[in-house]
Amino acid sequence: MRIYTSCSDPIDFCKRCAPDEDEAQERYGNLGDGPDGRGNCFGYDDDHPPYGGENYTCAECGEELTDED
Ligand SMILES: [Zn+2]
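Per chain, residue numbering runs from 1 following the sequence as it is written. Owing to the predicted nature of the model, reporting of local features is limited to residues with pLDDT of at least 70; listing and counting of side-chain atom pairs is limited to 80 or more, with chain, interface and lining totals taken over all residues.

Engineer: Can you tell me about the overall build of the protein chain, naming the residues and giving the values?
Structural biologist: Working definition: helices are DSSP H or I runs of at least four residues, strands are E runs of at least two. Numbering for both runs from the N terminus. Each helix and strand counted, the protein chain has one helix and three strands in total. Moving toward the C terminus, one meets the helices and strands of the protein chain in the order β-β-α-β. Here the radius of gyration uses the C-alpha set of atoms, whereas the globule reference equals 2.2 Å times the residue count to the power 0.38. Taken over the C-alpha trace, the protein chain has a radius of gyration of 12 Å; the compact-globule value for 69 residues is 11 Å, and the two agree within 12%. With the principal axes as the frame, the protein chain shows a C-alpha extent of 35 × 25 × 15 Å. Once C-beta atoms are placed from the backbone, each residue is buried if 20 or more other C-beta atoms lie within 10 Å of its own, exposed if 12 or fewer, and partly exposed for counts between those two. Expressed as a percentage of the 69 residues in the protein chain, the buried residues total 25%. For the protein chain, long-range pairs separated by at least 24 residues make up 60% of all intrachain contacts whose partners lie at least 6 apart in sequence. We call two residues in contact when their backbone-placed C-beta atoms lie within 7 Å.

Below, the structure written as structure tokens:
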């Protein structure tokens, strides 16, 4: 799953490491605004490119992500 920080940086997590929404909000929801006057870009469980076969890794444990994540 993918979270966007309030500054619009994507962070990807495997299922085991994914924080719940409250925790994500606390950690990533108030880091500043996104570029181009977009304001707070925080997003929980947002759309992401397919992980399978690509080189996406979990931000927490570093495991390679699959389509399940
Ligand atoms: Zn992980």
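Back to the write-up after that little detour.
Engineer: Give me the sheet that holds strand E1 (residues 2-4): which residues, what numbers.
Structural biologist: Strand pairing within a sheet occurs via backbone hydrogen bonds; the two strands may be parallel or antiparallel. In this description, strands pair whenever DSSP reports at least two bridges between them. Taken in spatial order, the three strands make up an open sheet running E2-E1-E3, and their pairing is antiparallel. Two strands in the sheet have a free side with no partner beyond their single neighbour: strand E2 (10-12) and strand E3 (43-46). Geometrically, the sheet is characterised by an average inter-axis angle of 25° between neighbouring strands, direction not taken into account. Strand direction decides the pairing type here: E1 and E2, joined by three bridges, are antiparallel. Bridged to isoleucine 3 within E2 is isoleucine 11. As a rule, the C-alpha atoms of each element are fitted with a line to give its axis, helices using only the stretch in contact, and angles between N-to-C directions run from 0 to 180 degrees.

Engineer: Give me the lowdown on the nonpolar core, citing residues and values where you can.
Structural biologist: Each nonpolar core comprises buried Ala, Val, Leu, Ile, Met, Phe, Trp, Tyr and Cys residues, the members being joined through C-beta atoms within 7 Å. Judged by nonpolar contacts, Met1, Phe13, Cys14, Ala18, Tyr51, Tyr56, Cys58 and Leu65 together constitute the single largest core of eight residues. Once residues within four sequence positions are removed from consideration, cysteine 58 is found in contact with Asp12, Phe13, Cys14, Cys17, Glu63 and Leu65. Membership of the second largest hydrophobic core comes to six residues, among which are Tyr4, Ala24, Cys41 and Phe42.

Purely spatial values, then, with no claim about function.
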